[in-house]
Amino acid sequence: MNYTAHDAFIAPARANSQLWRLAVGLLLISAVTVGWAVLLFMTLYLTAGVDGGPEWINRLSTADTPTSALLVLTMLWGLALGATLTVALVHRRKPRTLLGSRRFLKRHFVIAAAICLGIALISLFIPIGPDLEPGLDSSIWLTFLPLALLVILGQTGAEELLFRGYLQQQLAARFRSPILWMVFPSLAFGLLHYDPTVEPVVTALIIIATTLFGLFAADLTARTGSIGAAWGFHFANNVVAILFISTGDSLSGLSLYQMPLGTADTSMHVTLLLLGMTGTALIWAVTRFALARQGR
């Protein structure tokens, strides 16, 4: 694994890489994220009123309408705000260092996103899983599309700033072992996708699948020295899963089509998750090859 660029990526974090700073930083990020969510809830109550507020809270629990889905995704923007404040206040470095090298940031983002979207489109021709059902009306979908893309860009960027930016940088600045700076943030990323409403074997595979994605994103970040490729990969993946084909009962409010997995048996869930992990691995491998051809 050629991680030469990773040294430059973590260099800004070396000066203040004490573990107590990391602990304080994680607490601050958690507090800011919760505060951001509370601010959004308060705004909902102020605009919807006492009677309409609880109704909006119920909508957010399923996010099965366009506006509620956008609000749920926007709540995750608090991660970016928290990470930005933390590196400035706790680690005494510039927030833009979370991005890594900006020389190829946009190019790597576009390459990874294009590869992910291309392979995802090809996979649509594989006849596996329940038949797709119509989701959001196409005219309404097109109306929400620009804002939805912007919100997903911010949501995926916020997660990458935290997991591949802040956590990976701070841990790598302190520890040489990839088990700590690559596996730990990826496992934390996977555990945050725990879903107690589905079968244990399914939720275990969801955690494994998202942890695997985190490992691939961490590798791309270490290989390129920026979060650009990981962010593009993440962005395109979420665009497909949120805007085109949703596979769950929640966060389906923006999707053009829906795959009714609620009626599928456990074996179908397992099959689709295994295929998803295979696709994720393929996207990572092709992206890594394409970036190597670029010289990074």
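Our subject is the structure listed above.
Below is a short write-up of the structure. Per-chain numbering applies: the sequence of each chain, read as written, is numbered from 1 onward. Local features are withheld for residues below a pLDDT of 70 in this predicted model, meaning they are given only at 70 or higher, and side-chain atom pairs are given and counted only at 80 or more; totals for whole chains, interfaces and linings count all residues. Note that water and hydrogens are dropped before the side-chain values are worked out from all heavy atoms of the structure.

1. Observations regarding the overall build of the chain
So, point 1. Segments assigned H or I by DSSP are reported as helices when at least four residues long, segments assigned E as strands when at least two residues long, and all are numbered from the N terminus. Broken down by element type, the chain carries 10 helices and three strands.
So, point 2. Going residue by residue from the N terminus, the α and β elements of the chain occur as α-α-α-α-α-β-α-α-α-α-β-β-α.
So, point 3. Computation of the radius of gyration draws on C-alpha atoms alone. For the globule rule, the value is 2.2 Å times the number of residues to the power 0.38. What you see for the chain is a C-alpha radius of gyration of 19 Å, in line with the 19 Å of a compact globule of 296 residues.
So, point 4. Here the C-alpha coordinates of the chain stretch approximately 50 × 50 × 35 Å along the principal axes.
So, point 5. Partly exposed residues are those whose accessible area sits between 20% and 50% of the maximum for their type, while under 20% is buried and over 50% is exposed, using a 1.4 Å probe and protein chains only. Classification of the 296 residues of the chain by burial places 47% in the buried group.
So, point 6. Residue pairs in contact within the chain that sit at least 24 positions apart in sequence constitute 79% of those at least 6 positions apart. Any two residues whose heavy atoms approach within 4.5 Å are treated as being in contact.

2. Some remarks on the pattern of salt bridges
So, point 1. We define a salt bridge as a side-chain nitrogen of Lys or Arg found within 4 Å of a carboxyl oxygen belonging to Asp or Glu. Here the structure, examined in full by the defined rule, presents three salt bridges.
So, point 2. Among the ionic pairs, Arg-288 bridges to Asp-219, the shortest N-O distance being 2.7 Å. One end of the pair, Arg-288, is in helix H10 (residues 266-293); the other, Asp-219, is in helix H8 (residues 200-224), and 69 residues separate them in sequence.

3. Re helix H7 (residues 178-191)
So, point 1. Here the expected span of a helix is defined as 1.5 Å times the quantity of residues minus one. Its 14 residues place the ends of H7 19 Å apart at the C-alpha level, agreeing with the 20 Å of an ideal helix rising 1.5 Å per residue.
So, point 2. Those residues of H7 that are buried are in contact with helix H1 (4-10), helix H6 (138-174), H8 and helix H9 (228-244).

4. Things to note about the nonpolar core
So, point 1. Membership of the largest hydrophobic core comes to 60 residues, with the highest contact counts inside it found for Ile-152, Tyr-166, Trp-181, Ile-227, Phe-233, Leu-243 and Leu-254.
So, point 2. Top element by residues in this core is H6. It accounts for 12 residues.
So, point 3. Leu-243 has contacts with Trp-141, Leu-145, Ala-148, Leu-149, Ile-152, Asn-238, Leu-254, Ser-255 and Leu-256, leaving out every residue within four places of it along the chain.
So, point 4. In this structure, Ala-37, Trp-56, Leu-60 and Leu-71 belong to the second largest nonpolar core, which totals seven residues. Think of a nonpolar core as a cluster: buried Ala, Val, Leu, Ile, Met, Phe, Trp, Tyr and Cys residues, connected wherever their side-chain atoms sit within 4.5 Å.

5. Observations concerning the side chain of Thr-156
So, point 1. Within the element layout of this structure, Thr-156 appears in helix H6.
So, point 2. Overall, Thr-156 belongs to the buried group, its relative accessible area being 0%.
So, point 3. Each polar contact in these results corresponds to two N or O atoms within 3.5 Å; when the atoms are within protein, one needs to be able to donate a hydrogen and the other to accept it, and residues that are neighboring in sequence are counted only if both atoms are side-chain atoms. At 2.8 Å, the side chain of Thr-156 and the backbone oxygen of Ile-152 are in polar contact.
So, point 4. Not counting chain neighbours up to four residues away, the residues in contact with Thr-156 comprise Trp-231, His-234, Phe-235 and Asn-238.

6. Re the packing of aromatic side chains
So, point 1. Any pair of Phe, Tyr and Trp rings, taking the six-membered ring for Trp, is counted once the centres come within 6.5 Å. Such a pair is stacked with planes under 30 degrees apart, edge-to-face with planes over 60 apart, and tilted for the rest. Applying the stated criterion across every chain, the model contains eight aromatic pairs.
So, point 2. Pairing Phe-216 with Trp-284 gives two aromatic rings, centres 4.6 Å apart and planes at 10°, and the pair type is stacked. Taken together, the residues Phe-216 in helix H8 and Trp-284 in helix H10 connect sequence positions 68 residues apart.
So, point 3. The class of Phe-216 is buried, set by a relative accessible area of 12%.
So, point 4. Judged by relative accessible area, which is 22%, Trp-284 ranks as partly exposed.

7. Some details on the packing of H6 against H9
So, point 1. In this analysis an axis means a line fitted to C-alpha atoms, helices contributing only their contacting stretch, and an angle means the value between N-to-C directions, from 0 to 180 degrees. Between H6 and H9, the least distance of the axes is 9 Å, while the angle of their chain directions is 140°. Classed by the angle they form, the pair H6 and H9 counts as oblique. The handedness of the crossing between H6 and H9 is right-handed. Residue-level inspection shows Trp-141, Leu-145, Ala-148, Leu-149, Ile-152, Leu-153, Gln-155, Thr-156, Gly-157, Glu-159, Glu-160 and Arg-164 of H6 in contact with H9, the latter providing Ala-230, Trp-231, His-234, Phe-235, Asn-238, Val-239, Ile-242, Leu-243 and Phe-244.
So, point 2. Following the grouping adopted for this structure description, the nonpolar residues are Ala, Val, Leu, Ile, Met, Phe, Trp, Tyr, Cys and Pro, the charged ones are Asp, Glu, Lys and Arg, and the polar ones are all others, Gly among them. Its residues assigned to classes, the contact of H6 with H9 shows 13 nonpolar, five polar and three charged. Note on angle classes: values under 35 degrees are labelled roughly parallel, values over 145 roughly antiparallel, values of 65 to 115 roughly perpendicular, and the remainder oblique. By definition, turning the near helix anticlockwise from the far helix through less than a right angle yields a left-handed crossing, and turning it clockwise yields a right-handed one.

8. Some thoughts on the sheet that holds strand E3 (residues 257-258)
Two strands in a sheet stick together by hydrogen bonds in their backbones, pointing the same way (parallel) or opposite ways (antiparallel).
So, point 1. Strand pairing follows a simple DSSP-based rule, namely that at least 2 bridges must link the two strands. The strand order across the open sheet built from three strands is E1-E3-E2, with neighbouring strands paired in mixed fashion. Where the open sheet ends on each side, the last strands, each with one partner, are strand E1 (133-134) and strand E2 (245-246).

9. A few points about the environment of Gly-165
So, point 1. Within the secondary structure layout, Gly-165 lies in helix H6.
So, point 2. Taking the C-alpha atoms as reference, Gly-165 lies 19 Å from His-193; in sequence the two are 28 residues apart.
So, point 3. Each residue touching Gly-165, except ones within four places of it in the same chain, is listed here: Phe-9, Leu-98, Glu-160 and Ile-227.

10. Re H8
So, point 1. Compared with an ideal rise of 1.5 Å per residue, which puts 25 residues at 36 Å, H8 spans 36 Å between its outermost C-alpha atoms and is within 8% of the ideal.
So, point 2. Burial runs high along H8: 18 of the 25 residues are buried.
So, point 3. Backbone geometry just downstream of H8 places Gly-225 in the positive-phi region, at approximately 85°.

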